[in-house]
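Chain residues, written in single-letter form:
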Amino acid sequence: MTTSTQNLVKVVEPATEDVLAELHAADADAADEAVARAKTAFPAWRAVEPASRGAILRAIGDAIEERLEDLARLETRNVGKPIADSRGEVGMVASVFRYYAGAPERLLGDTIPVAGGIDMTFREPMGVVGMIVPWNFPLPIASWKVAPALAAGNTIVLKPAELTPLTALELEKIAVDAGLPEGVLNVVAGPGRIVGERLVEHPDVAKIAFTGSTAVGRRIGELAAQSIKRVTLELGGKSANVVFADADLERAAAAAPLAVFGNAGQDCCARSRILVERTAVDRFLELLEGAVRKLRVGDPLDESTEMGPLISAEQREKVASYLDDEAPVAIRGEAPEGRGFWFPPIVLCPVSNDDRAAREEIFGPVAAVIPFDDEADAIRIANDTIYGLSGSIWTENGARALRVARALETGTISINSNTSVRVSTPFGGFKQSGVGRELGPHALEHYTELKNVFMST
């Protein structure tokens with residue numbers, strides 16, 4: 001959480017409500033200056049030979065790994081996530097830079113048979129890329145954008161969320177110390193409505209890469225369209241965790257809590273709609289209750305903690321608005337009392353897919369269990385949403401698993417698993433969950449322009 005007095009921003013620790021840091025908020029002029037630095041740095045950076053560009057990315061990854069513990073502690077204190085989660089995420093950030101260190105030498109084109117000459121394609125960098133990242137996974141999501149953009153030869157202006165700017169500022173220092181030329185990566189910490197909108201509207205910004213809510217994504221799309229600016233948008237989700245009666249129910253129930261309550265439910269991939277075949281609902285709930293009650297909610301710096309607080313008092317109020325006196329609370333976990341933005345894990349059952357808790361992205365530790373009758377009913381319910389980011393299918397029937405996976409209108413699906421993100425595979429959504437893909441080899445397509453060249457012979 002942040003509080004602001006004029007241009008001074010206080011970054012607040014969610015677990016204690018203490019002030020963690022004070023920063024001066026950037027304004028539109030600061031955004032303009034950062035864009036100018038990035039524009040000036042672009043010609044020299046795109047001219048760096050591929051092997052050398054890759055070596056710098058590899059050095060950034062190595063430097064992040066060397067600082068893993070202090071970056072993880074900073075992220076935990078700033079976001080409120082468990083320290084074990086932060087360590088894993090910072091480790092992933094190092095892996096992202098190392099993965100894309102191999103990309104500059106593999107930005108391959110095609111030769112296409114044509115009459116009268118030779119036709120070939122090239123992947124060219126776009127120029128200055130504006131990046132706007134959220135508060136729930138500040139450093140990982142920044143790396144998913146920064147690393148492929150740098151590998152492709154672009155320069156960057158990165159705007160972290162107001163609530164969680166600290167690790168992004170550290171990333172800029174680490175990158176420069178690792179050999180990235182000045183001006184190639186510029187971090188500007190300021191309000192989205194000022195700095196973010198300025199980046200979207202700036203004539204010298206060629207592309208915007210945004211992760212955040214669908215509502216803000218719509219606004220960015222509208223503004224970007226004025227200058228035909230390229231965009232990738234990774235937006236909201238209301239993902240379905242589909243559990244068939246023939247699944248390993250013990251395993252599915254044991255995995256379900258952290259698929260929703262990880263990062264206190266503040267995850268666009270959260271499997272917050274748990275669809276359970278009607279004949280298995282009672283047994284699944286019995287197993288799920290035991291798993292939820294075992295979930296350790298507490299001090300994020302404690303090694304045994306599995307769920308920390310919400311990011312802010314405002315977020316806590318938003319989540320609580322879904323739990324009126326008529327809410328069908330089936331399972332309620334424990335959470336600390338006192339200072340900190342604590343909220344217990346909650347399971348609602350039974351819930352209709354038409355209910356508000358099933359339609360809207362709560363972004364908190366609230367799961368809705370929705371019964372279904374058969375395979376067709378499960379597919380219908382799972383697809384009955386404006387979102388299509390992630391999802392899971394639990395069944396011992398391999399043919400059914402593949403049928404349902406192909407039928408779901410979702411960008412990232414796991415079978416007998418609740419994972420969504422891997423460095424080497426594409427991540428992104430269908431429908432109003434976004435445009436474009438991050439991670440894996442496909443991310444580079446969104447940070448380059450395809451140029452076609454014909455040479456007459």
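Residues numbered from 1 in each chain as written. Predicted model: local features only at pLDDT ≥ 70, side-chain atom pairs only at ≥ 80, totals over all residues. Heavy atoms only, no water.

A short note on the overall build of the protein
A count of helices and strands for the protein gives 14 helices and 19 strands. Relative to the globule expectation of 23 Å for 457 residues, the C-alpha radius of gyration of the protein, 23 Å, shows essentially globular dimensions. Counting only C-alpha atoms, the protein reaches 70 × 60 × 40 Å along its principal axes. Looking at the protein residue by residue over its 457 residues, the buried ones come to 57%. A sequence separation of at least 24 residues applies to 72% of the contacts in the protein between residues at least 6 apart. Positive and negative charge centroids in the protein, built from 47 and 64 side chains respectively, lie 3 Å apart. (Helix = DSSP H or I, 4+ residues; strand = E, 2+ residues; numbered from the N terminus. Rg over C-alpha atoms; globule rule 2.2 N^0.38 Å. Buried < 20%, exposed > 50% of the residue type's maximum accessible area, 1.4 Å probe, protein only. Contact = heavy atoms within 4.5 Å. Lys, Arg positive; Asp, Glu negative; His and termini not counted. Charge placed at Lys NZ, Arg CZ, Asp CG, Glu CD.)

Regarding the sheet that holds strand β14 (residues 346-348)
Two pairing modes exist for strands in a sheet, parallel and antiparallel, and in both the strands are linked by backbone hydrogen bonds. Pairing is mixed across the open sheet formed by seven strands, whose spatial order is β13-β14-β15-β12-β11-β16-β17. At either end of the open sheet lies a strand with only one pairing partner, and these are β13 (329-332) and β17 (412-415). Put simply, the sheet's adjacent strands are angled 20 degrees from each other on average, direction ignored. Across five bridges, strand β12 (residues 273-277) lies against strand β15 (residues 366-372) in parallel orientation. Bridge pairing links Arg273 to Ala368 in β15. (Pairing = 2+ DSSP bridges. Axes fitted to C-alpha atoms, helices over the stretch in contact; angles between N-to-C directions.)

Brief notes about the packing of aromatic side chains
Applying the stated criterion across every chain yields a total of four aromatic pairs. Where Tyr99 meets Tyr100, the ring centres are 4.9 Å apart and the plane angle is 85 degrees; that geometry is what we call edge-to-face. Pairing Phe244 with Phe372 gives two aromatic rings, centres 5.3 Å apart and planes at 75 degrees, and the pair type is edge-to-face. Of this pair, Phe244 sits in the loop between β11 (240-243) and α9 (249-261) while Phe372 is found in strand β15, placing the two residues 128 residues apart along the sequence. Residue Phe244 shares its accessibility class with Phe372, and that shared class is buried. Geometry around Tyr322 places Arg356 over its ring, the cationic atom sitting 3.8 Å from the centre. Just above the ring of Phe244 sits the side chain of Arg400; from NZ or CZ to the centre is 4.5 Å. (Phe/Tyr/Trp six-rings, centres within 6.5 Å; stacked < 30°, edge-to-face > 60°. Lys NZ or Arg CZ within 6 Å of the ring centre and 35° of its normal.)

Some thoughts on empty space enclosed by the protein
Applying the stated criterion across every chain, the model contains four cavities of 30 Å³ or more. Taken as a whole, the largest cavity holds about 70 Å³ of empty space. Around the largest cavity, the lining residues are Val9, Leu23, His24, Ala25, Ala161, Glu162, Pro165, Ala189 and Gly190. A breakdown of the residues in the lining of the largest cavity according to their chemical character gives six nonpolar, two polar and one charged. (1 Å grid on protein atoms, 1.4 Å probe; cavity = no way out; pocket = protein on both sides within 12 Å on 5 of 7 lines; lining within 4 Å. Points joined across faces, edges and corners; volume = space filled by probe spheres on them. Nonpolar A, V, L, I, M, F, W, Y, C, P; charged D, E, K, R; others polar.)

Observations regarding the layout of surface pockets
Computed from the structure, the largest pocket encloses a volume of approximately 960 Å³. Lining the largest pocket are 39 residues, with Trp135, Phe210, Gly212, Ser213 and Val216 sitting closest to its centre. Contributing elements (two or more residues each) for the lining of the largest pocket: α7 (192-201), β9 (207-211), α8 (214-225) and α11 (313-320). No other element matches α8, which puts seven residues into the lining of the largest pocket.

Examining a nonpolar patch on the surface
A surface patch of nonpolar side chains, amounting to about 240 Å² of accessible area, comprises Ile112, Val114 and Phe454. Counting through the fold element by element, Ile112 comes out in strand β4 (residues 111-114). Here Ile112 falls in the partly exposed class, since its relative accessible area comes to 38%. (Patch = residues over 30% accessible without salt bridge, like charges linked within 9 Å, V, L, I, M, F, W, Y side chains within 5 Å. Areas by Shrake-Rupley, 256 points an atom, 1.4 Å probe, with all protein chains shown as cover. Salt bridge = Lys/Arg side-chain N within 4 Å of Asp/Glu carboxyl O.)

Digging into the pairing of strand β2 (residues 8-12)
If a strand is regular, its side chains alternate between the two faces of the sheet. The pairing of β2 with strand β3 (residues 19-24) spans five bridges and is classified as antiparallel. Looking at the pairing, Val12 lines up with Val19 of β3. Between β2 and β3, which pair antiparallel in sequence order, lie six residues; one of them, Glu17, sits at a positive phi of approximately 65 degrees.

A word on the pattern of salt bridges
Applying the stated rule across the entire model yields 28 salt bridges. Of the charged contacts in the structure, one is a salt bridge between Arg87 and Glu69, with a shortest N-O distance of 2.9 Å. Placement of the pair is Arg87 in helix α4 (residues 83-101) and Glu69 in helix α3 (residues 68-79), with a sequence separation of 18 residues. Owing to a relative accessible area of 24%, Arg87 belongs among the partly exposed residues under this scheme.

Focus: α8
With 12 residues, α8 should cover 16 Å at 1.5 Å per step; its first-to-last C-alpha distance of 16 Å lies within 8% of that length. Considered for burial, the residues of α8 that qualify are Thr214, Gly217, Ile220, Leu223 and Ala224. If you follow the buried residues of α8, they end up packed against β6 (128-132), α7, β9 and β10 (230-234). (Expected span 1.5 Å × (residues − 1).)

Remarks on the nonpolar core
If you look at the biggest cluster of nonpolar residues, it comprises 59 residues, and the most contacted ones within it are Ile274, Phe284 and Leu288. In this structure Ile274 touches Asn241, Ala256, Val260, Phe284, Leu288, Ala367, Ala368, Val369 and Ile370, once residues within four positions along its chain are discounted. (Core = buried A, V, L, I, M, F, W, Y, C linked by side-chain atoms within 4.5 Å.)

Some words on the environment of Pro160
Looking at the element boundaries, Pro160 is found in the loop between β7 (155-159) and α6 (166-177). A C-alpha to C-alpha distance of 21 Å links Pro160 and Gly308, two positions 148 residues apart in sequence. Excluding anything up to four places from it in sequence, Pro160 contacts Val133, Pro165, Ala168, Val187, Val188, Ala189 and Gly190.

Let's talk about the side chain of Lys207
For Lys207, the location among the structural elements is in strand β9. One buried charged residue, Lys207, forms no salt bridge at all, with the nearest opposite charge on Glu438 at 7.7 Å. Looking at Lys207, its side chain comes within polar contact range of the side chain of Thr232, at 3.3 Å. In terms of polar contacts, Lys207 uses its side chain to reach the backbone carbonyl oxygen of His446, at 2.8 Å. (Polar contact = N/O pair within 3.5 Å; in protein donor to acceptor, adjacent residues only side chain to side chain.)

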